[in-house]
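So you can see what is in the structure, the chains are spelled out below.
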Amino acid sequence: MAPSPRPVVLGITGRIGAGKTTVGNYLGERHGFQYIRYSQVLADWQAERPESREQLQKVGWDVMAGGLQPELNRRLIARIDPAHNCAVDGLRHIVDFESLSTAFSDSFFLVFIECPAELRREHVKLKGRDFTMAEFQRFDDHPVEQRIDDLKKNAYAVLSNFGSRLDLEQQVDAVL
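Residues numbered from 1 in each chain as written. Predicted model: local features only at pLDDT ≥ 70, side-chain atom pairs only at ≥ 80, totals over all residues. Heavy atoms only, no water.

It is worth spelling out the overall build of the protein at this point. A count of helical and extended segments in the protein gives eight helices and five strands. Radius of gyration (C-alpha) of the protein: 15 Å, near the 16 Å computed for a compact globule of 176 residues. If you line up the protein on its principal axes, its C-alpha atoms span 45 × 40 × 25 Å. Taken across its 176 residues, the protein has 44% of its residues classed as buried. For the protein, restricting intrachain contacts to residue pairs at least 6 apart in sequence, the fraction spanning at least 24 positions comes to 74%. In the structure as shown, the protein presents an accessible area of about 8800 Å², 52% of it carried by carbon and sulfur atoms. Side chains of the protein give 22 positive and 25 negative charges; the mean places of these two sets differ by 1 Å. (Helix = DSSP H or I, 4+ residues; strand = E, 2+ residues; numbered from the N terminus. Rg over C-alpha atoms; globule rule 2.2 N^0.38 Å. Buried < 20%, exposed > 50% of the residue type's maximum accessible area, 1.4 Å probe, protein only. Contact = heavy atoms within 4.5 Å. Areas by Shrake-Rupley, 256 points an atom, 1.4 Å probe, with all protein chains shown as cover. Lys, Arg positive; Asp, Glu negative; His and termini not counted. Charge placed at Lys NZ, Arg CZ, Asp CG, Glu CD.)

What follows covers the pattern of salt bridges. Evaluation of the coordinates by the stated rule reveals 12 salt bridges. The salt bridge involving Asp-44 is made with Arg-79; its shortest N-O contact spans 2.9 Å. Of this pair, Asp-44 sits in helix α2 (residues 38-45) while Arg-79 sits in helix α4 (residues 69-79), and the two are 35 residues apart along the sequence. Classification of Asp-44 by relative accessible area gives partly exposed; the value is 35%. (Salt bridge = Lys/Arg side-chain N within 4 Å of Asp/Glu carboxyl O.)

Now for the nonpolar core. Ranked by size, the top nonpolar core spans 19 residues in total, and within it Tyr-38, Leu-76, Ile-80, Val-88, Leu-91, Leu-100 and Phe-108 carry the most contacts. Within the residue set of this core, elements represented by two or more residues are α2, α3 (53-65), α4, β3 (86-89), α5 (94-104) and β4 (108-114). In contact with Val-88, other than residues within four places in its own chain, are Val-9, Leu-10, Gly-11, Ile-12, Ile-36, Tyr-38, Leu-76, Ile-80 and Leu-100. With 18 residues, the next largest nonpolar core counts Ala-18, Val-23, Leu-159 and Val-172 among its residues. (Core = buried A, V, L, I, M, F, W, Y, C linked by side-chain atoms within 4.5 Å.)

The subject of this paragraph is the packing of aromatic side chains. Summed over the entire model, instances satisfying the criterion amount to two aromatic pairs. Ring geometry for Phe-109 versus Tyr-156: centroids 5.0 Å apart, planes at 70°, classification edge-to-face. Note that Phe-109 is positioned in strand β4 and Tyr-156 in the loop between α7 (133-140) and β5 (157-160), a separation of 47 residues in sequence. In this structure Phe-109 comes out as buried when scored by relative accessible area, which is 11%. (Phe/Tyr/Trp six-rings, centres within 6.5 Å; stacked < 30°, edge-to-face > 60°.)

Despite not being glycine, Ser-105 has its phi angle at roughly 30°, a positive value. Tracing the backbone through its elements, the reader meets Ser-105 in the loop between α5 and β4. By relative accessible area, Ser-105 is classed as partly exposed at 45%.

What follows is the structure in C-alpha cells.
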C-alpha cells in the first residue's frame, strides 16, 4: 500500500465465514485500526435489534431493496474517525465500495477474502453457530449476499483463507 496523506480506510469483503471478522479484529488488535462492521451499523439503525443472522439479512435486504444503501453508508462513514486507520467489515454492494471510495479517495483500499464454502461453514461452526450445510447454504444464497463476488474486481488485494489464521494474518501484513 502506498503511503497516503490521510489515515487508511481498509474495506473488507467476502462471503459469510470467509474471515472478515478475523481480519478486522487482527487489524484492530495488532495494528491499532478502528474496527467498524456494516452489520453493527445496520443493527443500530433499527428500532428493534435483529437477534439472528436471518433477521439481520432481512433488514439488510429491506435497506438494499428500499434504496436505502446510500443512507447506511452515510451512517457508517460518519462513525469513521478521520484521525485513525479504520477497517470496515462487510461491504456487500458496489454502492458500498463507491461510497467509501468517494469519501476517502486515495486512502481507501478494498480487500477481498476468498474461501471455499465448506471451510467457511467450518469457520462459522467454530464461532458457535452450528448450521447444517443446507442451513449455511440458505444464508449464503440470500439475495443480500449475492453481489459480494462482484466486488472482487475492485479489490486492491485478494486474500486466500485456505490455511491457518497465521497464514491469513501474514497475508494482511503483506498488504499493509
